[in-house]
Amino acid sequence: MIQSNGSLFLAGTIPTWVAIVLAVAIVAVGAACFFFGRHLYNKMVSRKISDVEQKIKIMRDEAENECRALKKEAILEAKEQDLKLRNEFERETREKKAELQKAEQRLMQKEDILDKKEDSLLKKSEAIEQQQKNLVKQEGEIKKMQEKVNHQHDLMIQELEKVAQLTKEEAKKLLSENILEETRRDVAMQVRNIEQQAKDEADMNAKKLISLAVQRCASDHASEITVSVVPLPNDDMKARIIGREGRNIRALENATGIELIIDDTPEVVILSGFDPVRREVARIALEKLISDGRIHPARIEETVEKVKKELDQQIKENGEAAMFEVGIFGLHPELIKLLGRLKYRTSYGQNVYKHSIEVAQLAGVMASELGLDVNLAKRAGLLHDIGKAVDHEQEGTHIQIGADIAKKYKESNNVVNAIMAHHGDVEPKTVEAVLVQAADAISGARPGARRETSTNYVKRLEQLEQIATSFKGVDKSYAIQAGREVRVIVKPEQIDDSQTLFLAKDIAKKIEQELEYPGQIKVNVIREFRSVEYAK
């Protein structure tokens, strides 16, 4: 109803023809606008196309002009290059022509020289032919004279054989034997002189090298005691250390494993023990307890444990300091700790820690002078006595213990061999191992390095003499020069000169096996034969 009413309303308002006219007008206007817009668009497109064509024409003209210019430049460059090549060709042609002329002149000169030489050679050949003729003539005369001389020589030989009562072959053999004997004697003397000269030069060079190493590695030595002494502020402190019924001293001895000696000596306590590290722990702990004043078993155990931890850290720092001082790196942490323990170990009163550093430095200096492996020499020198850090805890010599430790912590075979060979137990396989031996001897034998008690000193001299006299054919032996030399006098009727050399070697070998000593000992074997007669 609403739609129909609306249609009726529109139809009633605007006539149908008007609507049709309006529609046609709108369509006409739209078509006119369309055609007019299309015309404008086509006109704009045409204008743009003409502009583009104009630009293309201009660009084509510019390109043609540029091509013509480039063509002219290329032609000019080609002409210049052609002219340059022609000039160079002409110059080279002139030079070659001049060289050919010079070569021709030289050839002509050489031809002249060859002609002159040919003439001189012809003259010489004629002279040579004449000399040959003369030589043939002289050769015939010489043959005649030689036959005459040979006949006289045969007569002389026959006369000599009659006088000497020897044939020609016998005389020749006798003469050759005499000459051979004299030659052998001269050669032996020359060989002996050369060997002696080589020994003297080797000794001189070795002394120079060792003196240089010692000069470059000078260090102080002080004899160190093997017991520790703790000073007390007063004698009343002794009673406090002992405690009621001795419980304080027993607690300290049990905690440290060190024996405390409290005697009548005023204001001191002596610590005695085989383990130097434990003795150091006891010394530091006792000093702290004395300083603190609180001394009872619980406090003693607490202080000892604290000191052990502090000393472990100090030992590690000591090992690192030794490693840095020598200048080697890459040691196993356990080896560093063992090096630090050597600071509390002594040998013949010499501190093993300082001794190891000095041996490393001496061996390194000598290796540097000889052009060898400095790092290997220093490493082996620093570790050569590493077994002494634990030799009171393990069975065996410090050499074997040290070699086992080096193998355990993956040290090289050369380092292990140097450790085992530094006292001559095995043969050194490298020159660096020999240098470690020498450095160890230098460090231990220099004045003030080590000390011995008088009892041990006398005992060692007696043992030297006993070892020497234990061999067959020895008459007497004397230990001299503070035990640095043993002089052996043999019975001349039992030992000849050639046997004295082997006897000296055997005595030296037995001394090395049975004795421990600093430095080296010279074995001097003397054989003397005297003939005595009285005129009556």
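Residues numbered from 1 in each chain as written. Predicted model: local features only at pLDDT ≥ 70, side-chain atom pairs only at ≥ 80, totals over all residues. Heavy atoms only, no water.

Colleague: Give a description of the packing of helix H10 (residues 374–383) against helix H12 (residues 413–421) that names residues and reports values.
Modeller: Axis separation between H10 and H12 bottoms out at 9 Å; the angle between their running directions is 45°. By the criterion of interaxial angle, the relationship of H10 to H12 is oblique. Handedness of the H10/H12 crossing: right-handed. Taken together, the residues of H12 that come into contact with H10 (itself represented by Leu376, Arg379, Ala380 and Leu383) are Asn414, Val415, Ala418 and Ile419. (Axes fitted to C-alpha atoms, helices over the stretch in contact; angles between N-to-C directions. Helix = DSSP H or I, 4+ residues; strand = E, 2+ residues; numbered from the N terminus. Parallel < 35°, antiparallel > 145°, perpendicular 65-115°, else oblique. Left-handed = near helix turned anticlockwise from the far one by under 90°. Contact = heavy atoms within 4.5 Å.)

Colleague: Please set out unusual backbone geometry residue by residue, giving values where relevant.
Modeller: In this structure, glutamate 245 takes a positive phi of about 55° despite not being glycine. By secondary structure assignment, the location of glutamate 245 is in the loop between helix H4 (236–242) and helix H5 (247–256). In this structure, lysine 410 takes a positive phi of about 65° despite not being glycine. Note that lysine 410 resides in the loop between helix H11 (398–408) and H12. Residue lysine 410 is classed as exposed on the basis of its relative accessible area, which comes to 75%. (Buried < 20%, exposed > 50% of the residue type's maximum accessible area, 1.4 Å probe, protein only.)

Colleague: Hey, could you go over the confidence of the model for the chain for me, with residue numbers and the actual values?
Modeller: Scored by pLDDT, the chain has a mean of 81; 87% of the residues are at 70 or more. With pLDDT under 50 throughout, residues 1–12 is counted as low confidence; its partners more than four residues away or in other chains account for zero contacts. With pLDDT under 50 throughout, residues 218–224 is counted as low confidence; its partners more than four residues away or in other chains account for 18 contacts. (pLDDT = per-residue confidence, 0-100.)

Colleague: Before we move on, can you summarise the sheet that holds strand E7 (residues 485–490) with the specific residues and values?
Modeller: Strand-to-strand pairing in sheets goes through backbone hydrogen bonds, with the strands running parallel or antiparallel. Ordered in space as E6-E7-E8, the three strands form an open sheet in which the pairing is mixed. Pairing within the sheet leaves two strands with one partner each, and these edge strands are strand E6 (474–480) and strand E8 (522–526). Each strand of the sheet is rotated relative to its neighbour by a mean of 20°, with strand direction disregarded. Bridging between E6 and E7 involves six bridges; their strand directions are antiparallel. Bridging across to E7, isoleucine 480 finds its partner in glutamate 485. The sheet strands contacting helix H15 (residues 497–514) are E6, E7 and E8, and the helix crosses E8 at an angle near 150°. (Pairing = 2+ DSSP bridges.)

Colleague: How would you sum up the pattern of salt bridges? Please name residues and give values.
Modeller: Side-chain pairs of opposite charge can arise where the charged atoms are in close proximity. With the rule as written, the count across this model stands at twelve salt bridges. With a closest N to O distance of 3.4 Å, arginine 299 and aspartate 292 form a salt bridge. Classification of aspartate 292 by relative accessible area gives partly exposed; the value is 32%. Notably, a salt bridge pairs glutamate 485 with arginine 487, separated by 3.3 Å at the nearest N-O pair. Each of Asp292, Arg294, Arg299 and Glu302 takes part in one network of salt bridges that share partners. (Salt bridge = Lys/Arg side-chain N within 4 Å of Asp/Glu carboxyl O.)

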